[in-house]
Amino acid sequence: MICDDAAEYISALCDGETIPPTAAQHIATCPDCQARLSDYLAMGVELRRAASLGLANAVPPRVWTKPQNRVATLWQKAWVSMRIPRVAFAGLIAGILVLASVLAVNRARAQNTGPVVLLTTVGPNGPLADCAFSTQDITQNYCVWYGKVGSLFLAYRVFLGSRNGGRVQLGIYTTTYTPGVTPGSPESQSGSSRWVWFEPGEPLKFNVPQVGTLTLEGEWMDHIPILNTLDPIPNEIRLLMPLLLKDNVVVGDLSFYIGGIFSMDELDLAFGFYISGQGRFLLSQLPMKGAVEAHVVQGRISFDEGGHSWELLSGVPVCRADHIWVLHQPDYKPKDIVRNGATCCYTPKLVQTEPGLWEPQEKPN
Amino acid sequence: MFDDWELWKKIANGNADAFDIWYRETAPRLRVFLRHLLGDEQEAEDVMQETFTQIWRRPHRFDPERGSPRAYLFGVARRQAAEWRRKQKPADELGVDPPAPGRVEIASMITEALSRLTLEHRTLLWLREVEGQSYEELAMILEVPLGTVRSRLFAAREALRALWCSARRNSGGRHDL
C-alpha cells in the first residue's frame, strides 16, 4: 500500500466509514498519512467552528400563505386593467367561439363525407357481407359475396356507379341456385339486376326471390377499412381473389369472380372453378376419388399433379385444416360463360361411394 | 429538537404553522450554507427565501423515499444557488477567481480557502462536515450516484487542504481563526 492509494481511505475514515485492513495498517504507521488525517480532521473542526459563528443571527419572520392560482390572478389583473369596453371584449370572445365551432363542424362534416362508402348487407338471418367502395379509385368500386343463405347459395355482386352529393348509385346483381347444381355467372341471369340510389345513413330494403328481404346499410368513411377476419370457422373453405400457379407461372386469375370473400362451410359440398386450357379444379376437405392431397399453409394451397407443381394463392387463410383434397379434371368442358379465362364457381354435392371416398355428383342446371 | 417527519406530514397538508416552525429551525443553518456557497450575505438571504417559498408552494415534490426533508431542503437550495450563480456571474462558478474584498465576512483562512473551491466541492464539504449529511443524502442532494460521493469528497478535501496548507505556510504557520 502506498500513500496515494491510502489517501481516499483517510477521507473515508473522517466520514465514519470503515476501510480495508491493509489501508488501516498503512495509515497507522505512515507519518504522511497521519499528517493528512490530522489536516482533514482539523479542516472539519474549523469549518464547523466557522459555521457556528454565522448561526447567531435569527432569520426574519415570514407569513406563510398559500399562493393564489396564477392564472386566476392574471385574469383578475387583466380584467381590472382592460382598456377596451368589456362588452366589446365579450363580443370578441363570442366571435372567436363561433368561428371555432364553425371550423369544428366543417371538419367533422369533411370526415363524414369521405370518399369511401362502407356498405353492410343484412339478409333474413343476419349480416351477409361488408363491402367498402371508393368513389375515387375505380379498382375499388365492386364487391362480390358468394355464400349460403338458408338452403340456397346466393351469388351477390354490387357495383358502385356514380356519386351525387351524399348519394351513390349501386348496381346490384343477385342469383340463387341449389347446392350441387352447376351455375352460370351471376351477370348472365336476367331479371336479377337492379340499379338503386343509396344514401349512407338511410337503410334501403329490396327483395330477392327465394331468399327474402335484403337490407343495405352504409356510412361514409375517409379510408378503406380491413373488413375480413383472418380466422376461418370449422369446415369453412374461404377464398379471396385467388390466383392459380402452374410450375410457378400464373395460369389463372379468379379475382373477377371472387373479388370479395367466397365462403362455404358445407363439408359435403366441393368448391370448383375452371381455368381455360388447364381444366377444372374441385377442392374439398373430404377425400375425393381421383384427388390428390394438397398442403395448406394460411392462404397457400400446394400440390403436385400430372407432373406439375400447382399452387392456389388466396388473400385470406383458406381453412383450419393443414391439408385439402384437389381433384383436377383437365378434360372438363364448361357449359357456362368463360370470362377472363375462367369460370366460377361450382359447388357439386359429394356422395360417399366407397368407405372413406367421396365423388362429386352434379345435376344439370 | 422537533420531529422532521411529523412536521413534514403537516407541511404537506398545507399547515402554515408547521412550516413556520420548520423554517425557523432550519433557515439559520441554510443561510450560513448559502453564504459560503455564494459569498454574499444578501444573495444568501434572497436564495434562502426563494428556496423556502418554492418548497412551501410545492411540498409534494419531496419524495420521502429518497431522503429526509432536511436533505431535500439543502438540495433545493443548492439548485437555486447554482441557478443564481449562472444568471449573475457564471465565470465565478469555476472558483478560479478569489472573492472580492469584503465579500467574505468571516475572514478566516479556512473560509477563504473554501471560497476558492468549485461550487460543487464547497457544497459537498459543507454538507458533510457541517451538516453531517450521509453519503446517501449527499447523493440525492447533488444528484450523483452513491459511489461517486466518496471519491468527490476526497477530491474536495484534497483541494481544500492544498489551499489551506498554502495559506498557513504564507502566514508563517499562524492560525488566523
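Residues numbered from 1 in each chain as written. Chains lettered and ligands numbered in written order. Predicted model: local features only at pLDDT ≥ 70, side-chain atom pairs only at ≥ 80, totals over all residues.

Let us look at the overall build of chain B. Looking only at helices and strands, chain B features 8 helices and 0 strands. From first element to last, N terminus to C terminus, chain B shows the α and β order α-α-α-α-α-α-α-α. Put simply, 62% of the contacts in chain B that link residues at least 6 apart link residues at least 24 apart. (Helix = DSSP H or I, 4+ residues; strand = E, 2+ residues; numbered from the N terminus. Contact = placed C-beta atoms within 7 Å.)

What follows concerns the overall build of chain A. Counting its secondary structure elements, chain A contains 5 helices and 21 strands. The buried share among the 365 residues of chain A stands at 28%. At a minimum sequence separation of 6, the contacts of chain A that also span at least 24 residues come to 62%. (Buried ≥ 20, exposed ≤ 12 C-beta atoms within 10 Å, placed from the backbone.)

Size of an interface, as often reported, equals the accessible area lost when the parts are brought together. The partner chain A presents 24 residues to the 33 residues of chain B that form the contact. The element contributing the most residues to the side of chain B that touches chain A is helix 2 (residues 16–38) of chain B, with 11 residues. Of the residues assigned to the side of chain B that touches chain A, the class counts are 18 nonpolar, 4 polar and 11 charged. (Nonpolar A, V, L, I, M, F, W, Y, C, P; charged D, E, K, R; others polar.)

What follows covers unusual backbone geometry. Residue and element names in this part refer to chain A. Across the junction of Cys344 and Cys345, the peptide omega takes the value 10°, indicating a cis bond. Position of Cys345 relative to the elements: it lies in strand 19 (residues 342–346). For Met241, which is not glycine, the phi dihedral falls at a positive 45°. Topologically, Met241 is positioned in the loop between strand 9 (237–240) and strand 10 (243–246). C-beta crowding within 10 Å serves as the criterion here: with 20 such atoms nearby, Met241 is assigned to the buried category. Backbone geometry places Gln298, a non-glycine residue, at a positive phi of 50°. As for its position among the elements, Gln298 is in the loop between strand 15 (292–297) and strand 16 (300–305). Overall, Gln298 belongs to the exposed group, with 11 C-beta atoms counted inside 10 Å.

What follows covers the pairing of strand 10 of chain A. Residues and elements named next belong to chain A. Relative to strand 11 (residues 249–253), strand 10 runs antiparallel, the two sharing 4 bridges. Its bridge partner being in strand 11, Leu243 is matched across the sheet by Asp253. What sits between the antiparallel neighbours strand 10 and strand 11 is a turn of 2 residues, in which Asp247 has the positive phi angle 50°. Here 4 bridges tie strand 10 to strand 17 (residues 308–313), and the two strands are oriented antiparallel to one another. Directly across from Leu245, in strand 17, lies its bridge partner Glu311. (Pairing = 2+ DSSP bridges.)

Ranked by size, the top nonpolar core spans 60 residues in total, and within it Ile258, Phe273, Leu283, Met288, Ile324, Val326 and Cys345 of chain A carry the most contacts. When residues in this core are grouped by element, the largest group, 6 residues, is from strand 4 (residues 152–164) of chain A. With sequence-adjacent residues up to four places away left out, Cys345 of chain A is seen in contact with Tyr146, Tyr257, Phe262, Phe271, Gly272 and Phe273 of chain A. Judged by nonpolar contacts, the second largest core, of 57 residues, contains Ala7, Tyr9 and Leu47 of chain A together with Met109 of chain B. (Core = buried A, V, L, I, M, F, W, Y, C linked by C-beta atoms within 7 Å.)

As a further point, take the sheet that holds strand 10 of chain A. Residues and elements named next belong to chain A. Taking strand neighbours across the sheet as the criterion, the 9 strands line up as 11-10-17-16-15-18-14-13-19 in an open arrangement whose pairing is antiparallel. Of all strands in the sheet, those with a lone pairing partner are strand 11 and strand 19, marking the two edges. Neighbouring strand axes in the sheet, compared pairwise and without regard to direction, differ in orientation by 25° on average. Direction of pairing for strand 15 relative to strand 18 (residues 323–329): antiparallel, over a ladder of 4 bridges. Of the residues in strand 18, the one forming a bridge with Ala294 is Ile324. (Axes fitted to C-alpha atoms, helices over the stretch in contact; angles between N-to-C directions.)

As a further point, take the packing of helix 1 (residues 3–14) of chain A against helix 2 (residues 21–29) of chain A. Residues and elements named next belong to chain A. Between helix 1 and helix 2, the shortest axis-to-axis distance is 10 Å and the interhelical angle comes to 95°. Classified by the angle their axes make, helix 1 and helix 2 are roughly perpendicular. Here Ala6, Tyr9 and Ile10 of helix 1 lie close against helix 2, whose contacting residues are Ala23, His26 and Ile27. (Parallel < 35°, antiparallel > 145°, perpendicular 65-115°, else oblique.)

With that settled, consider the environment of Glu129 of chain B. Tracing the backbone shows Glu129 of chain B in helix 6 (residues 119–130). Residues in contact with Glu129 of chain B, not counting those within four places in the same chain, are Gly44, Leu47 and Arg48 of chain A.

Helix packing geometry: the angle between the two helix axes and the distance between the axes. All names here are of chain B. In contact at an axis separation of 9 Å, helix 6 and helix 8 (residues 146–170) are set at 100° when each is read in the N-to-C sense. Viewed along their axes, helix 6 and helix 8 adopt a mutual orientation that is roughly perpendicular. Only Arg152, Leu153, Ala156, Arg157, Ala159 and Leu160 of helix 8 make contact with helix 6, whose side of the interface consists of His121, Leu124, Leu125 and Arg128. Along the lines of polarity and charge, the residues of the contact of helix 6 with helix 8 split into 6 nonpolar, 1 polar and 3 charged.

This part is about the sheet that holds strand 8 (residues 212–221) of chain A. All names here are of chain A. Strand order in the open sheet made by the 4 strands is 2-1-8-7, with antiparallel pairing throughout. The outermost strands of the open sheet, each flanked by one partner alone, are strand 2 (126–134) and strand 7 (204–208). Direction aside, neighbouring strands of the sheet carry axes that sit 25° apart on average. Pairing of strand 1 (residues 116–123) with strand 8, which is carried by 7 bridges, proceeds in the antiparallel orientation. Bridged to Thr121 within strand 8 is Leu216.

Think of an α-helix as turning once every 3.6 residues; residues three or four places apart then point the same way. Between its terminal C-alpha atoms helix 3 (residues 41–57) of chain B stretches 25 Å, which fits the 24 Å expected from 17 residues at 1.5 Å a residue. Those residues of helix 3 of chain B hidden inside the fold are in contact with helix 2 and helix 4 (69–88) of chain B. (Expected span 1.5 Å × (residues − 1).)

Before going further, it helps to spend a moment on the environment of Phe159 of chain A. All names here are of chain A. If you trace the backbone, Phe159 turns up in strand 4. On the basis of neighbour counts, which here come to 16 C-beta atoms within 10 Å, the residue Phe159 falls in the partly exposed class. Residues within four places of Phe159 in sequence aside, it is in contact with Asn141, Tyr142, Leu170 and Gly171.

What follows concerns the confidence of the model for chain A. All names here are of chain A. For chain A, mean pLDDT is 84; residues scoring 70 or higher make up 91% of the total. Here helix 4 (residues 70–80) stands out as the element of chain A with the lowest mean pLDDT, 76, in contrast to strand 17, whose mean of 95 is the highest. Low pLDDT, under 50, characterises residues 185–191; the predicted model gives this stretch 11 contacts beyond four residues in sequence or across chains. (pLDDT = per-residue confidence, 0-100.)

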